[in-house]
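Chain by chain, the residues run as shown.
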Amino acid sequence: MNVAVTMFSGGRGAAGIARGMLGTPGVGLSLVVNGYDNGLSTGALRRYLPGMLGPSDFRKNLLLHLDPADPAQAALATVLEHRLPGGTSPAGLTAVIEAIAARRGPFAALPEAAREAVTADLRVFARRLAAYPHGLDLADCALGNLVFAGAYLRLGRDFNAAVDACARTFGSPVRLLNVTNGENAYLAALRRDGSLLADEADIVAPQGPGVITDLFLLREPLGARRRAELEALPPEWTREVLGRERAEVTPSRRALEAIRDADLIVYGPGTPHSSLLPSYLTPGVADAVARSRAAAKVFVVNTRDDHDTRGLSAPDLVDRTLAHLGDPRNGRRLVTHVLSHRAGSVPDAPAVPYAVLDRGEWAGARWVTADLEHPVDLGHPGRPGVHHPERTAEALLAIRDEAALVRAQ
């Protein structure tokens, strides 16, 4: 079996499925990701390097193939995930870089090629920090994000080139693709009650009961003063103003090719209004999906509600995807199947109405259920279950195989 799978993904929501695909012989996996994260230390890094997208979701996807039981791979994961403590100075960062260069402590098993590449990119960033020491608090910065930032600076502020370089450094078997050509943009949203969610961090944070109704990609971040001005306007005026400030982004040619050449397209689970729906706003993405040779284009329902999905059922989430793709009635068959965990076994999953299950269809897409939940996220013990890697990958590939067989008849 040789199957090209392209999945729209975020940072961790679809990680289990990606690992399941990577463990399936004959599957080649492409992940299409956006870089609009600007929470906490990632937001601080973006403010320090104006023009750079957020590297966090790309960094997290570089962990997919790393086995913590393998010393060399564990050292690579440590570089990606190590958090700098509060009070870390530029000199403190230099000390960490020297520990990596000397392969001391948790970096002792770091492969030589990775050691050289990581050290080189961190030193590029450290030189920038030495020249401009103000404006960035290193507290809680993921070291892997600083590797990305160094690669970004080294490669002429080309974000997509930095993604490629880091994928090589960490030996990723995944084709990791930014959905755009790297244009800087920021998220904002409006809720049904008219309240403004001024950035990506607001969108993913705990919220009240009102659902998100509008999502915007903006040219500039909304500062405190601008946010106050918008919050003073009637919601319909705010919607109009934000609509005029939309960012112009262009699609990555390689991302469009991965979509068009896929045998299976997966709309992965995750945080929809930050990780997934913004990607579908990219010009050209819907056309690429429509023209794709993929026999199946499958929407995977979350196994858990997220902060930004409160009040939305599973069919609502499918509708959101279709609306952001510009095909609200699914006339272009951009979603052929919906895959969800068996109803009733996960009480806080997005609700699937019994009428949808009985009919086995929504918006012209076939609705499929299977036992998909992993009882425990092994990377985060104690967290609620996530998608079981092997079972979910198997279910998706079975949908693809059946659809391909029907098409061939």
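It should be noted that the structure appears before, not after, this text.
Source: prediction; values computed, not measured.

Trainee: I'd like to hear about the overall build of the protein, residue by residue, with values.
Mentor: Secondary structure assignment for the protein yields 17 helices and 13 strands. Here the C-alpha atoms of the protein give a radius of gyration of 21 Å, agreeing with the 22 Å that 2.2 N^0.38 yields for 409 residues. In terms of overall dimensions, the protein has a C-alpha envelope of 65 × 55 × 40 Å along the principal axes. When each of the 409 residues of the protein is scored for burial, the buried share is 54%. Summed over all atoms, the accessible surface of the protein reaches about 16,900 Å², with 52% contributed by carbon and sulfur. Across the protein, the centroid of the 45 positively charged side chains sits 3 Å from that of the 46 negatively charged ones.

Trainee: Describe the pattern of salt bridges, and please don't skip the residues or the numbers.
Mentor: Evaluated as defined, the whole model comprises 26 salt bridges. Salt-bridge contacts for Arg 115 lead to Glu 112; the nearest nitrogen and oxygen are separated by 2.6 Å. In this pair, Arg 115 and Glu 112 both sit in helix H6 (residues 112-131), 3 residues apart, roughly one turn of the helix. For Glu 112, a relative accessible area of 33% gives the class partly exposed. What you see here is one network of salt bridges that share partners, running through Arg 103, Glu 112, Arg 115 and Glu 116.

Trainee: Explain H6 residue by residue, including any values.
Mentor: Its 20 residues place the ends of H6 29 Å apart at the C-alpha level, agreeing with the 28 Å of an ideal helix rising 1.5 Å per residue. Contacts made by the buried residues of H6 are with helix H2 (40-48), helix H4 (71-81), helix H5 (90-101), helix H7 (143-154) and helix H8 (159-169).

Trainee: Kindly report on helix H17 (residues 389-408), identifying the contributing residues and their values.
Mentor: In a regular helix each residue adds 1.5 Å, so 20 residues correspond to 28 Å; H17 covers 29 Å between its end C-alpha atoms and thus fits that length. Turning to H17, its buried residues number three or more, namely Pro 389, Thr 392, Ala 393, Ala 395, Leu 396, Leu 397, Ile 399, Arg 400 and Ala 403.

Trainee: So what about unusual backbone geometry? Which residues, and what values?
Mentor: Backbone geometry follows two general trends: most residues other than glycine have a negative phi, and most peptide bonds adopt the trans configuration. The backbone of Arg 157 shows a phi angle near 60°, a positive value even though the residue is not glycine. Relative to the helices and strands, Arg 157 resides in the loop between H7 and H8. In this structure, Arg 333 takes a positive phi of about 55° despite not being glycine. Here Arg 333 is to be found in the loop between helix H15 (314-324) and strand E9 (337-341). Classification of Arg 333 as partly exposed rests on a relative accessible area of 38%.

Trainee: Account for the pairing of strand E6 (residues 212-218), naming residues and giving values.
Mentor: Across the 7 residues of E6, 6 count as buried, placing the element largely inside the fold. Where strand E4 (residues 186-191) and E6 come together, 6 bridges link them in antiparallel fashion. Within E6, the position partnered with Ala 188 by the bridge is Phe 216.

Trainee: Summarise the state of the cysteines; cite the residues concerned and give the values.
Mentor: In protein structure, a disulfide is the covalent linkage between the sulfur atoms of two cysteines. Applying the stated criterion across every chain yields a total of 0 disulfides. The cysteine Cys 141 is free of any disulfide, with Cys 166 supplying the nearest cysteine sulfur at 15 Å. Assessed through its relative accessible area of 2%, Cys 141 is described here as buried.

Trainee: For the sheet that holds strand E2 (residues 27-33), give the residues involved together with the corresponding values.
Mentor: Taken together, 8 strands build an open sheet; the order of strands is E3-E2-E1-E7-E8-E9-E11-E10 and the sheet is mixed. Two strands lie at the open edges of the sheet, namely strand E3 (175-178) and strand E10 (361-362), each paired on one side alone. Here E10 pairs with strand E11 (residues 365-370) via 2 bridges, running antiparallel. Bridge assignment links Glu 361 to a residue of E11, and that residue is Arg 366. Where helix H12 (residues 253-260) meets the sheet, it contacts strand E1 (3-8), E2, E3 and strand E7 (264-267), and its direction lies at approximately 125° from that of E3.

Trainee: Mind laying out the nonpolar core, listing which residues take part and the relevant values?
Mentor: Ranked by internal contacts, the top residues of the largest apolar core, which has 123 residues, are Leu 93, Phe 125 and Tyr 267. The dominant element in this core, judged by the number of residues it contributes, is H7, at 8 residues. Setting aside chain neighbours within four positions, we find Phe 125 in contact with Leu 45, Tyr 48, Leu 49, Leu 93, Leu 136, Leu 146, Ala 149, Gly 150 and Leu 153. Counting 10 residues, the second-largest nonpolar core is a separate cluster that includes Leu 190, Phe 216, Leu 218 and Leu 222.

Trainee: Residues and numbers for the side chain of Ser 56, please.
Mentor: When you line up the elements, Ser 56 lands in helix H3 (residues 56-61). Overall, Ser 56 belongs to the buried group, its relative accessible area being 3%. Beyond its immediate stretch of four places on either side in the chain, Ser 56 contacts Asp 37, Thr 42 and Asn 145.

Criteria and thresholds
- Residues numbered from 1 in each chain as written.
- Predicted model: local features only at pLDDT ≥ 70, side-chain atom pairs only at ≥ 80, totals over all residues.
- Heavy atoms only, no water.
- Helix = DSSP H or I, 4+ residues; strand = E, 2+ residues; numbered from the N terminus.
- Rg over C-alpha atoms; globule rule 2.2 N^0.38 Å.
- Buried < 20%, exposed > 50% of the residue type's maximum accessible area, 1.4 Å probe, protein only.
- Areas by Shrake-Rupley, 256 points an atom, 1.4 Å probe, with all protein chains shown as cover.
- Lys, Arg positive; Asp, Glu negative; His and termini not counted.
- Charge placed at Lys NZ, Arg CZ, Asp CG, Glu CD.
- Salt bridge = Lys/Arg side-chain N within 4 Å of Asp/Glu carboxyl O.
- Expected span 1.5 Å × (residues − 1).
- Contact = heavy atoms within 4.5 Å.
- Pairing = 2+ DSSP bridges.
- Disulfide = S-S within 2.5 Å.
- Axes fitted to C-alpha atoms, helices over the stretch in contact; angles between N-to-C directions.
- Core = buried A, V, L, I, M, F, W, Y, C linked by side-chain atoms within 4.5 Å.

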